[in-house]
Amino acid sequence: MLIRPFTENDRLDLQTLYLQVRLSAWPWLDSSAWQPEDFDSTTQDEQIWVAQESGELLGFASVVIADNFLHSLYVAQKHQGKRVGLELLKRVQAEFTASGTLKCLVKNENALEFYLRHGWKIESTGDSADGEYYLMRYTG
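Residues numbered from 1 in each chain as written. Predicted model: local features only at pLDDT ≥ 70, side-chain atom pairs only at ≥ 80, totals over all residues. Heavy atoms only, no water.

The name recorded for the protein in an unreviewed UniProt entry is Putative acetyltransferase, from Buttiauxella agrestis.

Here is the structure:
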């Protein structure tokens, strides 16, 4: 598996992956207005890392570099549980210049378990348009 920076050639595949994973991971939200192009606005001005194997895009992570903030980590459903998320997470964490943070929706139990298992700690809670979230921190 290769973890590499995003290129423009990845856009269409990642737009599709983003929407598919979002639909399966957040079934409690109203998804009627979601579009593949939401990927573009969600990741705008962020560093995007892509997981690829045999030409297939397996997932991606996007980071707000200046804030050491992991904004998105998405893995195609058929590749979940196969270390893709972990490899993306390791790559992101290696780029942090200070402790890293992320927000994880409280109802996203699979993601929460994943981050806790890999050294992230819940720091506080908050509310967003998508529901209650945990602010999590990684200190290495």
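Here the narrative resumes, following the displayed structure.
A. Representation of the packing of aromatic side chains. With the rule as written, the count across this model stands at 11 aromatic pairs. A ring pair is formed by Tyr 18 and Phe 39, whose centres lie 6.1 Å apart and whose planes are at 65 degrees; its orientation type is edge-to-face. Note that Tyr 18 is positioned in helix H1 (residues 11–25) and Phe 39 in helix H2 (residues 38–43), a separation of 21 residues in sequence. Of the two residues, Tyr 18 and Phe 39, both sit in the buried class. Ring pairs connect the aromatic residues Phe 6, Tyr 18, Phe 39, Phe 60 and Tyr 74, which therefore count as one cluster. The aromatic ring of Trp 34 is capped on one face by Arg 22, whose charged end is 4.0 Å from the ring centroid. When the ring centre of Trp 49 is taken as origin, the NZ or CZ atom of Arg 91, which lies over that ring, is 3.9 Å away. (Phe/Tyr/Trp six-rings, centres within 6.5 Å; stacked < 30°, edge-to-face > 60°. Helix = DSSP H or I, 4+ residues; strand = E, 2+ residues; numbered from the N terminus. Buried < 20%, exposed > 50% of the residue type's maximum accessible area, 1.4 Å probe, protein only. Lys NZ or Arg CZ within 6 Å of the ring centre and 35° of its normal.)

B. Expanded view of the UniProt feature "domain: N-acetyltransferase" (unreviewed entry) in the protein. Residues annotated by UniProt as "domain: N-acetyltransferase" (unreviewed entry) correspond here to residues 1–140. What you have in residues 1–140 is 30% helix and 35% strand, and the ends, taken at the C-alpha atoms, are 23 Å apart. (UniProt positions renumbered as here; feature names shortened; annotations may be inferred.)

C. Highlighting the layout of surface pockets. The volume enclosed by the largest pocket comes to roughly 1,100 Å³. Forming the walls of the largest pocket are 39 residues, and the residues nearest its centre are Trp 26, Leu 73, Asn 108, Ala 111 and Tyr 115. Only H1, strand S4 (69–75), helix H3 (84–95), strand S5 (100–105) and helix H4 (109–117) provide two or more residues apiece to the lining of the largest pocket. A class-by-class count of the residues in the lining of the largest pocket yields 18 nonpolar, 12 polar and nine charged. Approximately 180 Å³ is the volume attributed to the second largest pocket. Lining the second largest pocket we find Asp 13, Thr 16, Leu 17, Gln 20, Val 21, Gly 55, Glu 56, Leu 57, Ala 76, Gln 77, Lys 78 and His 79. Looking at the lining of the second largest pocket, the elements with two or more residues in it are H1 and strand S3 (56–64). In terms of residue count, the dominant contributor to the lining of the second largest pocket is H1 (five residues). (1 Å grid on protein atoms, 1.4 Å probe; cavity = no way out; pocket = protein on both sides within 12 Å on 5 of 7 lines; lining within 4 Å. Points joined across faces, edges and corners; volume = space filled by probe spheres on them. Nonpolar A, V, L, I, M, F, W, Y, C, P; charged D, E, K, R; others polar.)

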